[in-house]
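Fold and geometry: a report
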Amino acid sequence: ANQPAETLPLHGLHVLVTAGPTQEPLDPVRYLTNHSTGKMGYAIAEQARDMGADVTLVSGPVTLSAPRGIDTVHVTTAQQMFNAVQEHFTQADLTIMAAAVGDFRPIEQSSEKIKKNGRINIDLQLTSNPDILAWAGEHKTADQTLCGFAMETQDLESNAAKKLTSKHCSMLVANNLNTPGAGFAVDTNVVTVLKPGATPDEPIIEHWNKMSKQELAERILTELAALRNTESA
Ligand code: CTP
Ligand code: CA
């Protein structure tokens, strides 16, 4: 920790991280969300800070406390997360999207509490949220590095490969929810890392062993820093 700041691997870089779930309100008392705890994204933000970066963390609602030395923007909905990312993306040299963004939100939000009114079934109409990572992939310049995540329960490699290509990522970190030691709430992760190969249907695929989310954060950032060096070489 006593290393001179200029020698740290991410010194002088702006890093933008998304983390946590989103909450999509139905009415004043209810919302749709998912099991994300924000652990992976927060570990990446903290590790980037420790590697010398200037970090902005856009976080959905989590129980983790805001990390010291990091500009943390708290949001609730996917639309709010999108707005915050749009505001900070152009300054970011390196963007890592670890948030579990709600793909859909209720088409309308009731201003009053929805009543049972004796009903047995009710219909819930949902509409799609903006894809924040895809937007960043479309808008990134040649000197911006973009890393996405993917969570799958089946066909991990082919599903993740599609996301890598369609969202124009420099790297994609995929995990299977059903692999022991991976997924929500646990302190470890087991990931498959994909990078663009010679052709879009042949990405470079690496299987990384189980490790702590802290250690994984360091490996991901080291890998991204190396990618930036080869790209600019
Ligand atoms: N993501 C995003 N905005 C969304 C949905 C996803 O930025 N509205 C990002 C996530 O943060 C992650 C990546 O896209 O980095 C992949 O998320 P994932 O849910 O695995 O994939 P989707 O593209 O949403 O596809 P699906 O859920 O249908 O598998
Ligand atoms: Ca999704």
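As the structure is a computational prediction, the values presented were derived from the model and not from experiment. (Residues numbered from 1 in each chain as written. Chains lettered and ligands numbered in written order. Predicted model: local features only at pLDDT ≥ 70, side-chain atom pairs only at ≥ 80, totals over all residues.)

Here we come to the site of ligand 1. As a matter of local geometry, ligand 1 sits amid 15 residues, with M97, V101, I132, L133 and G148 nearest to it. Elements with a contribution of two residues or more to the shell around ligand 1: α3 (132-139) and β9 (145-152). Top element by residues in the shell around ligand 1 is β9. It accounts for four residues. Class assignment of the residues belonging to the shell around ligand 1 gives a composition of nine nonpolar, three polar and three charged. (Near = placed C-beta within 6 Å. Helix = DSSP H or I, 4+ residues; strand = E, 2+ residues; numbered from the N terminus. Nonpolar A, V, L, I, M, F, W, Y, C, P; charged D, E, K, R; others polar.)

We now examine the UniProt feature "binding site: CTP" (unreviewed entry) in the protein. Feature annotation in UniProt places "binding site: CTP" (unreviewed entry) on D103, K113, P130, D131, I132, L133, F149, K163 and K167, given in this structure's numbering. Over a stretch of 65 residues, the named residues are scattered through the fold, their C-alpha atoms separated by up to 37.6 Å. Residue classification places F149 among the buried positions, given that 25 C-beta atoms sit within 10 Å. Setting aside chain neighbours within four positions, we find F149 in contact with M97, A98 and V173. Examined against the element boundaries, K163 turns out to sit in helix α4 (residues 156-166). (UniProt positions renumbered as here; feature names shortened; annotations may be inferred. Buried ≥ 20, exposed ≤ 12 C-beta atoms within 10 Å, placed from the backbone. Contact = placed C-beta atoms within 7 Å.)

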